[in-house]
Amino acid sequence: MGFQSLHAFWLFDWFGPPEPLPPYVLEHPGVSENAVYGVGSGKNFLEAKTRALNDIATQLRSDVRSITSVRKNSAEESRADQQITVLTRRVIDNYTVLDETHAGGTVYLLIEYRR
C-alpha cells in the first residue's frame, strides 16, 4: 500500500463516512391540515430550534384569508366587498420536536406545531 493510499485510508478512518442528512432537510414537509412543520439547523440545539420555530412562524404569517361578498342593488348596480385577514401574530408554544439529527457538526430539527 503506497503512502497516498494509506493517507486516504487514514483520513477516511479518522473522519468516517459522511453522515446522511435527514429526509426533511432535503424535502420540506410543509403544512398539513392539522399541523405546520418547521425545519431548522444550527451549531447547537437552541440555534436549530430557533430556526425551526422561525420557519413555522413564516408559514403561519402567510396564512391569508379572504371573504368576498357581492350585493346586487338593482339590475345596473352591484357592489363587491372584500375582507382580507392576514394572521401575523401567534404564540408558538404547542410544538413537538419530532426529530433531532446530528450530522457533520450540525444539529437538524424537525418540529411540528399543531393548529
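Residues numbered from 1 in each chain as written. Predicted model: local features only at pLDDT ≥ 70, side-chain atom pairs only at ≥ 80, totals over all residues. Heavy atoms only, no water.

Student: Lay out the sheet that holds strand 4 (residues 95-103) in plain terms, naming residues and giving numbers.
Tutor: Read from one edge to the other, the open sheet built from 3 strands follows the order 1-5-4, with strand pairing classed as antiparallel. Strand pairing shows two members of the sheet lacking a second neighbour, strand 1 (35-42) and strand 4, which therefore form its edges. Averaged over all pairs of adjacent strands, the angle between strand axes in this sheet comes to 15 degrees, irrespective of strand direction. Of the pairings in the sheet, the one linking strand 4 to strand 5 (residues 106-114) comprises 8 bridges and is antiparallel in character. Residue His102 lies in a different strand from strand 5, and its bridge partner there is Val107. Helix 3 (residues 45-61) contacts strand 1, strand 4 and strand 5 of the sheet and is inclined by roughly 145 degrees relative to strand 1. (Pairing = 2+ DSSP bridges. Helix = DSSP H or I, 4+ residues; strand = E, 2+ residues; numbered from the N terminus. Axes fitted to C-alpha atoms, helices over the stretch in contact; angles between N-to-C directions. Contact = heavy atoms within 4.5 Å.)

Student: Can you explain the nonpolar core? Please cite residues and give values.
Tutor: Where a protein is soluble and globular, its nonpolar side chains tend to be buried together. In terms of nonpolar packing, the biggest core is built from 9 residues, these being Val36, Ala52, Leu53, Ile56, Ala57, Leu60, Ile92, Ile111 and Tyr113. Among the elements of the structure, helix 3 and strand 5 are those that each provide at least two residues to this core. Ranked by the residues each element gives to this core, the list is headed by helix 3, at 5 residues. Among the nonpolar cores identified, the runner-up in size contains 7 residues, and Tyr37, Val39, Ala103 and Leu110 belong to it. (Core = buried A, V, L, I, M, F, W, Y, C linked by side-chain atoms within 4.5 Å. Buried < 20%, exposed > 50% of the residue type's maximum accessible area, 1.4 Å probe, protein only.)

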